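# Commentary on secondary and tertiary structure
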Amino acid sequence: MSQPSAKERRLVRDLVSHYEKNRRTFASFLVSLHEQITSSGKLTPHIHSIKSRTKEPSHLEDKLYRKLAEAKERNRRFTLTKDNLFLKVNDLAGLRILHLNTDQLPLIAKGLDDLFEEESYMRFEKPSARTWDDESRALLSGMGFTIKSRPSRPSFYTSIHYVIKPNKKTQYTCEIQVRTLMEEVWAEVDHTLNYPHRTPILACSEQLAALARATSTCSRLVDSIFRSHVDLARPAGRTRNAGK
Amino acid sequence: MADSSPSKRHKARRIAIYNHKGGVGKTTLTVNIAYALTELGKKVLLVDSDPQCNLTSYLIDASVVDDMLDSSETSKGKTLWSAIKPVADGMGEARLIEPAEINQLFLLPGDILLSKFEQDLYHFWSESFLRRVRGYRGTAALSALVNEVAAKHEIDYVFYDSGPNIGPLNRAILLDCDYFIVPAACDAFSIRAFKTLGQTLADWVRDWSTAISLAPDNVYLLPGRPVMMGYIPQRFRVYADDVAASYSAFLSRIDKRISADVGATLRAVDKSLAPLEYQSRLGLVKDFGRLATLGQEQGLPIWDVGNTYENERYKTIFHGIAKKIIGRAH
């Protein structure tokens, strides 16, 4: 990757400082959203925990340099400006909902839909899912999520993404991710190794790929445990089909 | 009240003559400017949002004010507290009250109990940052009431009279105003106070813009953009043998410090909050002396209570200020 020019460095610096000036608005956005989710009776029974953060300015800086480099590589114009930064980079405010098993996902999705409706949030884009697992893909597209894949950077990342806005006029957005605790473990290990730069150690990449399969297996197992738990707690003769 | 969340803000220009420093003649200036505007054919609504009720006492007889305050919590209450109490009690929207009419001025009378609302406003403010509609509504309750009264009586100018502090009530008032005017006294304490005044207003505007950008659509919001319209130095003593030294030095310090400490601080947030052409005096008012007391006693403009020479002089000064206000409040 070629070194960024003085002009490019100035542009990145301006964009990062624009974000820094507005960071506390993103922070307020997160505080209010966090509070609304934790006080929603429809959501809390299905949620294990919530994490939220505003992006570290240095991480934004890395991201902007990466985007600059990508644009150059592909001979495209770098189009980010102060006017569109907040609309084009949607993870400046990020909130993550962690849950235990896959059967909770439709309930959380419904709870979020209702919350957005009641609290008049606007959806900035259709909720989407990222997954590498065929079985998950079938389940998620069945629930109406757009499946996004990034051929440029194959990954074992599995998560649901929402991007919302407080009102029509504002440029501030917040990304909400929903994933299981199992997927969170995989993603955290991946993040530590591959962010902001991919690990050069082949063995680690291979082990991460294996961990993704193990994660998928564990998720299946957790789901099965809960389904058995629910089934066995019912009166005899009403066991549901385990092969579902 | 039919609709305390009006989608449309009435066109009346809302102005506060505001300085958190006490004893700078806010109330006397407010009443006399309002009178001057009515004499120029404008309809003016005065909102006595100072729990000390000085403005109300200026315009209404003491015994009548006492009766008003005694009955303000009843269903017949006529003060601002009577209107706002349902909001403070969490019982919904403000109750529409009829303004008192005094010599062609409209007045929403003040109330000592309004200080109770300060506490509620403090909570409403925090709730607004949690994006709760209750918070936005509560913060704008007084504004919504003024909106309704202004629309009903086709008001041209609304003046808020405020207490000498930087509490939540004044914050809600200033964020509701289209303009503010700084009364400035010619003394060192008053000049030193400009710094806190500028900083406080800048913080309020900045904080509220965060709340606005997070607010759901279709919620009535305080506009949060009080524009500095100018300032009025007054209460300088004119000593027979030392006229130039006693106040021309103070006046030039006031000119300088107001631009630096209020104007520039606001311009750092947003240039349009303190247009350079408005960073100037709207007029000069000498110490009212005995006329202030006479005016207060009779509830009249000070140019109706002095001798012919004084009356002519003050009428000219206040009509001049009123014309400038009309010119700047477009």
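Residues numbered from 1 in each chain as written. Chains lettered and ligands numbered in written order. Predicted model: local features only at pLDDT ≥ 70, side-chain atom pairs only at ≥ 80, totals over all residues. Heavy atoms only, no water.

## Some points on the overall build of chain A
Across its full length, chain A holds seven helices and six strands. Taken from N to C terminus, the helices and strands of chain A fall in the order α-β-α-α-β-α-β-α-β-β-β-α-α. For chain A, the C-alpha atoms occupy an extent of roughly 75 × 45 × 25 Å along the three principal directions. The 244 residues of chain A split such that 43% are buried. A fraction of 72% describes how many contacts in chain A between residues 6 or more apart in sequence connect residues 24 or more apart. A total accessible area of about 13900 Å² is found for chain A, and carbon and sulfur atoms account for 54% of it. (Helix = DSSP H or I, 4+ residues; strand = E, 2+ residues; numbered from the N terminus. Buried < 20%, exposed > 50% of the residue type's maximum accessible area, 1.4 Å probe, protein only. Contact = heavy atoms within 4.5 Å. Areas by Shrake-Rupley, 256 points an atom, 1.4 Å probe, with all protein chains shown as cover.)

## Things to note about the overall build of chain B
Helix and strand counts for chain B stand at twelve helices and seven strands. By the compact-globule yardstick of 20 Å for 330 residues, chain B fits well, its C-alpha radius of gyration being 19 Å. Seen along its three principal axes, the alpha-carbon backbone of chain B occupies a region of about 60 × 45 × 30 Å. Looking at chain B as a whole, 58% of its 330 residues qualify as buried. Accessible surface, chain B as shown: approximately 13200 Å² in total, 52% of it carbon and sulfur. Distance from the positive charge centre (39 side chains) to the negative charge centre (38 side chains) of chain B: 6 Å. (Rg over C-alpha atoms; globule rule 2.2 N^0.38 Å. Lys, Arg positive; Asp, Glu negative; His and termini not counted. Charge placed at Lys NZ, Arg CZ, Asp CG, Glu CD.)

## Some words on the sheet that holds strand E4 (residues 105-108) of chain B
Residues and elements named next belong to chain B. Strand order in the open sheet formed by seven strands is E3-E4-E2-E5-E1-E6-E7, with mixed pairing between adjacent strands. Of all strands in the sheet, those with a lone pairing partner are strand E3 (100-102) and strand E7 (227-234), marking the two edges. Adjacent strand axes in the sheet meet at a mean angle of 25°, parallel and antiparallel pairs treated alike. In this structure, strand E1 (residues 13-17) lies alongside strand E6 (residues 179-185), joined through three bridges in parallel fashion. Counted as the bridge partner of Ala-16 is Phe-180 from E6. Where helix H7 (residues 141-152) meets the sheet, its contacts fall on E1, strand E2 (44-48), E4 and strand E5 (157-161), and the angle it forms with E5 comes to roughly 145°. (Pairing = 2+ DSSP bridges. Axes fitted to C-alpha atoms, helices over the stretch in contact; angles between N-to-C directions.)

## Comments concerning the pattern of salt bridges
Pairing of side chains with opposite charge becomes possible as their charged atoms draw close. Residues and elements named next belong to chain A. Per the counting criterion, the structure on display carries 32 salt bridges over all chains. For the salt bridge of Asp-91 with Lys-63, the shortest nitrogen-to-oxygen distance reads 3.3 Å. Of this pair, Asp-91 sits in the loop between helix H3 (85-88) and strand E2 (93-99) while Lys-63 sits in helix H2 (residues 57-73), and the two are 28 residues apart along the sequence. The exposure class assigned to Lys-63 is buried, which follows from its relative accessible area of 18%. Linking Arg-96 and Glu-184 is a salt bridge whose minimum nitrogen-to-oxygen distance equals 3.2 Å. Pair noted here: Arg-96 is in strand E2 and Glu-184 is in helix H6 (residues 181-194), with a separation of 88 residues, a long-range link. Taking relative accessible area as the criterion, Glu-184 reaches 6% and is therefore assigned buried. Shared partners join several salt bridges into a network, and the residues in it are Lys-51, Arg-96, Arg-179, Glu-184 and Glu-188. (Salt bridge = Lys/Arg side-chain N within 4 Å of Asp/Glu carboxyl O.)

## Details of the interface of chain B and chain A
On the side of chain A, 17 residues touch chain B, which itself brings 13 residues to the contact. On the chain B side of the interface with chain A, the three residues burying the most area are Arg-131, Leu-214 and Asp-217 of chain B, jointly 45% of the side's total. Linking chain B with chain A are two salt bridges, by the criterion used here. In this structure, the salt-bridge partner of Glu-35 of chain A is Arg-132 of chain B, at a minimum N-O distance of 2.6 Å. The tally of links from chain B across to chain A stands at ten residue pairs in polar contact (both at pLDDT 80 or more). Top element by residues in the side of chain B that touches chain A is helix H9 (residues 188-214) of chain B. It accounts for six residues. Broken down by class, the residue content of the side of chain B that touches chain A amounts to six nonpolar, two polar and five charged. (Buried area = accessible area lost by both parts, 1.4 Å probe. Polar contact = N/O pair within 3.5 Å; in protein donor to acceptor, adjacent residues only side chain to side chain. Nonpolar A, V, L, I, M, F, W, Y, C, P; charged D, E, K, R; others polar.)

## A look at the packing of helix H5 (residues 114-129) of chain B against H9 of chain B
Residues and elements named next belong to chain B. Between H5 and H9, the shortest axis-to-axis distance is 8 Å and the interhelical angle comes to 50°. In terms of orientation, H5 and H9 fall into the oblique class. Where H5 crosses over H9, the handedness of that crossing is left-handed. Counted together, Trp-125, Ser-128 and Phe-129 of H5 and Trp-204, Asp-207, Trp-208, Thr-210 and Ala-211 of H9 form the full contact between these two elements. (Parallel < 35°, antiparallel > 145°, perpendicular 65-115°, else oblique. Left-handed = near helix turned anticlockwise from the far one by under 90°.)

## A look at the packing of aromatic side chains
Per the counting criterion, the structure on display carries 14 aromatic pairs over all chains. Consider the rings of Phe-116 of chain A and Tyr-121 of chain A, whose centres lie 6.2 Å apart with planes at 80°: the pair is edge-to-face. The same class applies to Phe-116 of chain A and to Tyr-121 of chain A, which are both buried. Of the aromatic side chains, those joined through ring pairs into one cluster are Phe-29, Phe-116, Tyr-121, Phe-145 and Tyr-162 of chain A. Its end group placed over the ring of Tyr-121 of chain A, Arg-131 of chain B keeps NZ or CZ at 3.7 Å from the ring centre. Looking at Arg-171 of chain B, its charged tip hangs above the ring of Trp-125 of chain B, at a distance of 3.7 Å from the centre. (Phe/Tyr/Trp six-rings, centres within 6.5 Å; stacked < 30°, edge-to-face > 60°. Lys NZ or Arg CZ within 6 Å of the ring centre and 35° of its normal.)

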